[in-house]
Amino acid sequence: MHERDLIYSFFTVPVSFLYMEETAYVIKLGGSLLDLVPELIPVLADHNIVCLIVPGGGAFADVVRQLDPNADAAHWMAISAMDQYGHYIASHGLPTIDRIVRVNESSVFLPYCAMRREDPFPHSWDITSDTIAAWVAWRLDLPLILLKSVDGVISEGAMLAEVSSPVVTDTVDPAFIPFILRNQMCALVINGRSPEALRRALSGEGKEGTIITGRTEEL
């Protein structure tokens with residue numbers, strides 16, 4: 001089996017991540033996909049899959065950037081923006097939670113309260129919802145899928161199939177790939193503008209996107 005297929009099997013048959021007899025994932029739903037939320041929710045709410053959805057900041061966080069407050073204020077305002085987007089996602093029929101716990105039905109994580117309690121990162125625009133989603137996946141020991149508006153991680157004009165060392169990219173925030181590598185995690189970055197690509201990734205039938213892996217052991 002090709003090495004990429006072995007890595008991808010982490011997402012297709014994640015035996016150690018079974019919960020309540022269903023496969024569980026942390027899904028970061030990018031803010032740029034706001035217009036696609038009604039189409040993505042039926043896939044994420046599939047009863048054979050449990051998804052803990054971490055919202056991006058999107059247009060809500062863009063307002064914070066425009067206001068350009070100091071670092072501390074910007075940090076908490078941007079995380080509050082994630083909550084706002086999260087409430088919009090949840091308005092399509094999903095419950096919300098504000099604690100970092102595994103769930104037995106697909107739910108939307110509202111991060112503000114948990115981040116206030118634990119405050120795990122420096123207050124900087126280098127830390128966005130990408131790294132916050134990675135932190136949630138790390139805490140729960142669950143596989144992570146990032147839904148973006150591009151086909152995968154773009155570096156120097158090319159889409160990368162796999163990332164196992166630091167690369168220069170603006171597809172994800174600067175802290176995200178180092179966090180994945182340092183904590184020996186795996187993450188998959190795919191284009192959320194294709195609900196079918198998401199469905200294939202969750203069902204184990206897809207090979208789209210970029211796999212980021214810090215895992216060194218055989219999968």
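Look up a bit, the structure's there.
Residues numbered from 1 in each chain as written. Predicted model: local features only at pLDDT ≥ 70, side-chain atom pairs only at ≥ 80, totals over all residues. Heavy atoms only, no water.

Participant: Any details on the pattern of salt bridges? Residues and values, ideally.
Facilitator: Following the criterion strictly, the structure yields six salt bridges and no others. With its nearest N and O atoms 2.6 Å apart, the salt bridge here joins Asp130 to Lys28. Of this pair, Asp130 sits in helix α6 (residues 129-140) while Lys28 sits in strand β2 (residues 22-29); the two residues are 102 residues apart in sequence, bridging distant segments of the chain. Both residues of the pair, Asp130 and Lys28, count as buried. Between Asp35 and Arg193 there is a salt bridge, and its shortest N-O distance comes to 2.8 Å. Of this pair, Asp35 sits in the loop between β2 and α2 (37-44) while Arg193 sits in the loop between β10 (186-191) and α8 (195-203), placing them 158 residues apart in sequence. Here Arg193 falls in the partly exposed class, since its relative accessible area comes to 35%. (Salt bridge = Lys/Arg side-chain N within 4 Å of Asp/Glu carboxyl O. Helix = DSSP H or I, 4+ residues; strand = E, 2+ residues; numbered from the N terminus. Buried < 20%, exposed > 50% of the residue type's maximum accessible area, 1.4 Å probe, protein only.)

Participant: Go over α2, please, and point to the residues and values.
Facilitator: All buried positions along α2 are accounted for by Val37, Leu40, Ile41, Val43 and Leu44. Summarising the axial view, the buried residues of α2 lie within an arc of 160 degrees, below the 170-degree limit, and thus occupy one face. (Arc of directions from axis to C-beta.)

Participant: Could you give an account of the nonpolar core, with specific residues and numbers?
Facilitator: The biggest cluster of nonpolar side chains holds 39 residues, and the ones touching the most others in it are Phe109, Val136, Leu144, Phe176, Ile180 and Ile212. The set of elements that each furnish at least two residues to this core consists of β2, β3 (49-55), α4 (71-90), α5 (112-118), α6, β6 (144-148), α7 (176-182) and β10. Excluding its chain neighbours within four sequence positions, the residues that come into contact with Phe109 are Leu52, Ile53, Val54, Pro55, Ile97, Asp98, Arg99, Ile100, Ala114 and Val136. One finds Val37, Ile41, Ala201 and Leu202 within the second-largest nonpolar core, a separate group that totals 27 residues. (Core = buried A, V, L, I, M, F, W, Y, C linked by side-chain atoms within 4.5 Å. Contact = heavy atoms within 4.5 Å.)

Participant: Mind laying out the packing of aromatic side chains, listing which residues take part and the relevant values?
Facilitator: Enumeration over the complete set of coordinates arrives at five aromatic pairs. Here Trp76 and Tyr112 contribute two aromatic rings whose centre-to-centre distance is 5.9 Å and whose plane-to-plane angle is 75 degrees, an arrangement assigned as edge-to-face. Highlighted residues: Trp76 in helix α4 and Tyr112 in helix α5, separated in sequence by 36 residues. Ring-pair connections join several aromatic residues into one group, and the members of that group are Phe121, Trp135, Trp138 and Phe179. The lysine or arginine in question, Arg65, covers the ring of Trp125, its NZ or CZ lying 4.0 Å from the ring centre. Taking the ring centre of Trp76 as reference, the NZ or CZ of Arg116 above it sits at 4.2 Å. (Phe/Tyr/Trp six-rings, centres within 6.5 Å; stacked < 30°, edge-to-face > 60°. Lys NZ or Arg CZ within 6 Å of the ring centre and 35° of its normal.)

Participant: Residues and numbers for the pairing of β3, please.
Facilitator: Within β3, seven of the seven residues are buried, which leaves it mostly tucked inside the rest of the structure. Side chains of β3 alternate between two faces, with Ile49, Cys51, Ile53 and Pro55 and Val50, Leu52 and Val54 buried alike. Pairing analysis gives two bridges linking β3 to strand β5 (residues 107-109), with the strands arranged parallel. Counterpart to Ile53 in the pairing with β5 is Val108. (Pairing = 2+ DSSP bridges.)

Participant: Now, about the packing of α2 against α8: what can you tell me, with residues and values included?
Facilitator: For the pair α2 and α8, the least separation of the axes is 10 Å and the interaxial angle reads 15 degrees. Considering the angle they form, α2 stands roughly parallel to α8. α8 is crossed by α2, and the crossing has right-handed handedness. Where α2 abuts α8, its residues Glu39, Leu40, Val43 and Leu44 lie against Pro195, Leu198, Arg199 and Leu202. (Axes fitted to C-alpha atoms, helices over the stretch in contact; angles between N-to-C directions. Parallel < 35°, antiparallel > 145°, perpendicular 65-115°, else oblique. Left-handed = near helix turned anticlockwise from the far one by under 90°.)

Participant: An account of the side chain of Lys28 is needed here, citing residue identities and associated values.
Facilitator: Taking relative accessible area as the criterion, Lys28 reaches 4% and is therefore assigned buried. Within polar-contact distance, the side chain of Lys28 engages the side chain of Asp130 at 2.6 Å. When sequence neighbours within four positions are dropped, the list of residues in contact with Lys28 reads Val54, Gly56, Ser129, Asp130, Ala133, Leu144, Ile145, Leu146, Leu147 and Lys148. (Polar contact = N/O pair within 3.5 Å; in protein donor to acceptor, adjacent residues only side chain to side chain.)

Participant: For the packing of helix α3 (residues 58-67) against α4, give the residues involved together with the corresponding values.
Facilitator: Interaxial distance between α3 and α4 falls to 8 Å at its minimum, and their mutual angle equals 160 degrees. Taken together, the axes of α3 and α4 are roughly antiparallel relative to one another. Here the hand of the crossing between α3 and α4 comes out right-handed. From α3, Phe60, Ala61, Val64 and Leu67 reach across to α4, where they touch Ala74, Met77, Ala78, Ala81, Gln84 and Tyr85. The class makeup of the residues in the contact of α3 with α4 is nine nonpolar, one polar and no charged. (Nonpolar A, V, L, I, M, F, W, Y, C, P; charged D, E, K, R; others polar.)

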